[in-house]
Amino acid sequence: MKSRFLLTLSLVAAALTGAVTTLAETLRGEGGMVASRSDLASEVGRQILQQGGNAIDAAVATAFALAVVYPSAGNLGGGGFLLIALEDGRVLAQDNREKAPGAAHRDMFLDAKGDVDRNLAVNSLQSSGVPGTVAGLLDALELHGTLTRQAVIAPALRLAREGFVLNDDLAGQFADNLEGFSRHEASLAVFTRGGEPYKAGDLWIQTDLADTLQRISDEGRDGFYKGPVAAAIAAEMQRNNGIMTTDDLSSYQPVWREPVHGTYRGHDVYSMPPPSSGGVLLLQMLNMLEPYELGRLGYGSTATVHLMIEAQRRAYADRAEYLGDPDFVDVPAQQLLSKEYARQRFADFDPARATDSASIGAGSWPEESPQTTHFSVVDGQGMAVAMTTTLNRSFGNRIVIPGTGVLMNNEMDDFSSKPNTPNSYGLIGRDANEIAPGKRMLSSMTPTIVMKDGELRLVTGSPGGSTIINTVLQVVLNVLDHGMGAEQAVASPRIHHQWLPDNVRFETGALSDEVATALRAMGHKGLNGAGFGIGDANTIVKDGAMLEGVSDPRSVGGVAGF
Ligand code: GLY
């Protein structure tokens, strides 16, 4: 359908470095827009909008479709966060993050020597938190949608029941994860044909998942959290050393929270509050950067990049110390979000020198995988949804619950299993994020909505573990400071620093040789190699009545709209 609209496939040159040329997919229109990691899922959302559904209807349909067509991160067995802008300008945040099961305990991933057992923390059924996605989506639909549950689940159900043709991207992901799937018969049955991974061009049918979706369509949340699906999850837990029970499942509830809100150069920025660290860190960094004229200093200049790194270093240090589930620990969000705190925190900023991370507050280089996914939706009435959802690592713990088609998350690794010891993303944490029964693990997911004078301006978010927050920061800065349109704002190369390890990572083209040399001379560490993708920020920018949706060129995906 894209050909009916003003579709541009255009070359985007990174503004000042001129070193990178990227192909971004952009779609413009005024009627409604969905940008996601899957063209099939975006198309589902578009159809719902064109049937008269609002942004919530389209977002819920897109999220269920992603569980079918993008199973490495789209999910029924995981959790996420939703940010919703209503027509009247109010912004709501819904937390459907997984929770630690009732039998979880602080030291559950420590071995006899007191070290974190990484295999247990990411590959076992104990690594799964109680899933929140299904409850969250249905709750959002009931409260703010207009279509029936059956109508918004029907497209996902059809894609699972009738199948869809696998592209290179998905077939490649299945092949890359074969070893993990091979440890579990039910996973092998879903992702391979007799042990051979499906190939691009194959029709992929997921009958068990279709049956689960049918139950949810018929019975609502009870179709997942009670009855045969819940019983199958609990039975598999019992068989394989897991701890989640049917009580854990039936008692799961999503939580509506006050979004974090801040201002940046006359714009209102809304994002996800704890148990995500994303919104707090994003606003902290914006507050630290606001006194400096980044627009004048320029995208990619030594001064701008130095400022960004120093803001990132300080905000990520606070993450480790202060952030956790606000239902369990006292998170000093108001203090962290104040402009005065940002001023104090940045008082030791030296425009000529890098700060040593050790002086601010230990770690390893985190590997990146295509875990987590973000999509953005805007409808013709000005309602918008930013949703980031995940199984944590790619395909979670790669364990499919027999008979359900449901892949389980390994989100328990987002807790701090041992103080000051890095998790999968190299992130360290302390007591605020220690494991406790019923607690939500700290996240970096940062679904974000920016408004100007009550009008929608920007809907964004990203996957990428610890890098998520910095990706969102840079999309926001590119639009608000550097005056970029949606396409260039998303395509422009990114940098990342997370306090520890004290290293700057950057994408090819983010830094010219001259800027990299200058940063090294100032004492910044890392900066040795570039070239890998940071984030996948499927974004919609609104300019007047015009919507511009962008599927991040770092991966395949799609924008659909009208
Ligand atoms: N599992 C990645 C995150 O929530 O930040």
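Residues numbered from 1 in each chain as written. Predicted model: local features only at pLDDT ≥ 70, side-chain atom pairs only at ≥ 80, totals over all residues. Heavy atoms only, no water.

A. Structural context of the overall build of the chain. Counting its secondary structure elements, the chain contains 21 helices and 24 strands. Taking 2.2 N^0.38 as the reference for a compact globule, 562 residues should give roughly 24 Å; the C-alpha atoms of the chain span a radius of gyration of 22 Å, in line with that estimate. Considering the chain as a whole, with its 562 residues, one finds that 64% of them fall into the buried category. Surface summary for the chain: the accessible area is close to 18,900 Å², and the carbon and sulfur share equals 49%. (Helix = DSSP H or I, 4+ residues; strand = E, 2+ residues; numbered from the N terminus. Rg over C-alpha atoms; globule rule 2.2 N^0.38 Å. Buried < 20%, exposed > 50% of the residue type's maximum accessible area, 1.4 Å probe, protein only. Areas by Shrake-Rupley, 256 points an atom, 1.4 Å probe, with all protein chains shown as cover.)

B. Examining the site of the ligand more closely. Close contacts around the ligand come from R97, N392, E411, D414, Y425, S443, S444 and M445, and that covers them all. At 2.7 Å, a backbone N or O of S444 approaches an oxygen atom of the ligand. A total of 200 Å² of accessible area belongs to the ligand in isolation, and the protein chains cover 98% of it. (Near = heavy atom within 4 Å. Polar contact = N/O pair within 3.5 Å; in protein donor to acceptor, adjacent residues only side chain to side chain.)

C. Main features of a nonpolar patch on the surface. There is a patch of nonpolar side chains on the surface, built from V165, L203 and I205 and spanning about 260 Å² of accessible area. With respect to the element layout, V165 can be found in strand β6 (residues 164-165). (Patch = residues over 30% accessible without salt bridge, like charges linked within 9 Å, V, L, I, M, F, W, Y side chains within 5 Å. Salt bridge = Lys/Arg side-chain N within 4 Å of Asp/Glu carboxyl O.)

D. Structural detail: the packing of aromatic side chains. Inspection of the entire model under this criterion finds 13 aromatic pairs. Ring geometry for F174 versus F395: centroids 6.2 Å apart, planes at 65 degrees, classification edge-to-face. The pair F174 / F395 is uniform in exposure class, with both members buried. The structure contains a cluster of three or more aromatic residues connected by ring pairs, namely F164, F174, F181, F191, W204 and F395. When the ring centre of Y225 is taken as reference, the NZ or CZ atom of R221 above it lies at 4.6 Å. (Phe/Tyr/Trp six-rings, centres within 6.5 Å; stacked < 30°, edge-to-face > 60°. Lys NZ or Arg CZ within 6 Å of the ring centre and 35° of its normal.)

E. Just the confidence of the model for the chain, in detail. Overall, the prediction assigns the chain a mean pLDDT of 92, with 93% of residues at 70 or greater. Overall, residues 1-24 carries pLDDT values under 50, and its contacts beyond four positions in sequence, including any with other chains, amount to 62 contacts. Below pLDDT 50 for its whole length, residues 362-369 participates in 28 contacts with residues either more than four positions away or in separate chains. (pLDDT = per-residue confidence, 0-100. Contact = heavy atoms within 4.5 Å.)

F. Focus on the sheet that holds strand β4 (residues 79-85). With antiparallel pairing, 7 strands are arranged side by side in an open sheet as β10-β5-β4-β14-β13-β3-β24. The open sheet has two edge strands with one neighbour each: β10 (255-257) and β24 (558-561). Taken pair by pair, the neighbouring strands of this sheet meet at an average axis angle of 15 degrees, ignoring direction. Note: strand β3 (residues 32-36) against strand β13 (residues 373-379), 4 bridges, orientation antiparallel. In the strand pairing of β13, G32 is matched with D379. Strand contacts of helix α4 (residues 133-144): β4, β5 (91-96), β10 and β14 (384-390), with the helix running at about 150 degrees to β5, the strand carrying the most contacts. (Pairing = 2+ DSSP bridges. Axes fitted to C-alpha atoms, helices over the stretch in contact; angles between N-to-C directions.)

G. Structural context of the packing of helix α2 (residues 55-69) against helix α5 (residues 149-162). Contact pair α2 / α5: the axes reach a minimum separation of 8 Å and the direction vectors enclose 15 degrees. In terms of axis orientation, α2 runs roughly parallel to α5. You can see that α2 and α5 cross each other, and the crossing is right-handed. Every residue of α5 that contacts α2 at D57, V60, A61, F64, A65, V68 and V69 is listed here: V152, I153, A156, L159 and A160. Tallied by class, the residues present in the contact of α2 with α5 amount to 11 nonpolar, no polar and 1 charged. (Parallel < 35°, antiparallel > 145°, perpendicular 65-115°, else oblique. Left-handed = near helix turned anticlockwise from the far one by under 90°. Nonpolar A, V, L, I, M, F, W, Y, C, P; charged D, E, K, R; others polar.)

H. Structural view of α5. In this model, α5 (14 residues) spans 20 Å end to end at C-alpha, consistent with the 20 Å of a helix rising 1.5 Å per residue. In the structure, α5 departs most strongly from a straight axis at P155, where the bend amounts to approximately 35 degrees. Every buried residue of α5 is listed here: V152, I153, P155, A156, L157, L159 and A160. Looking at the buried residues of α5, the elements they touch are α1 (39-50), α2, α4, β6, β9 (203-204) and α9 (207-219). Backbone geometry just downstream of α5 places G163 in the positive-phi region, at approximately 85 degrees. (Expected span 1.5 Å × (residues − 1). Bend = angle between axes of the 7 residues up to and from the residue.)

I. Broad picture of unusual backbone geometry. Cis rather than trans, the peptide bond between P274 and P275 has omega equal to 20 degrees. Looking at the secondary structure, you find P275 in the loop between β12 (267-271) and α13 (278-289). Between L500 and P501 the backbone carries a cis peptide bond, its omega angle lying at 0 degrees. Here P501 shows up in the loop between β19 (495-496) and β20 (504-506).

J. Here's a closer look at α13. Taking 1.5 Å of rise per residue, 12 residues should cover 16 Å, and α13 covers 16 Å from first to last C-alpha, within 8% of that figure. Most of α13 is tucked away, with 12 of its 12 residues classed as buried. Of the residues making up α13, those classed as buried are G278, G279, V280, L281, L282, L283, Q284, M285, L286, N287, M288 and L289.

K. Representation of the pattern of salt bridges in the model. Taken as a whole and judged by the stated rule, the model has 31 salt bridges. Taking the shortest distance from any N to any O, the salt bridge between D107 and R106 comes out at 3.0 Å. Relative accessible area serves as the criterion here: at 33%, D107 is assigned to the partly exposed category. Assessed through its relative accessible area of 47%, R106 is described here as partly exposed. The partner of D552 in a salt bridge is R494, with the nearest N and O atoms 3.0 Å apart.

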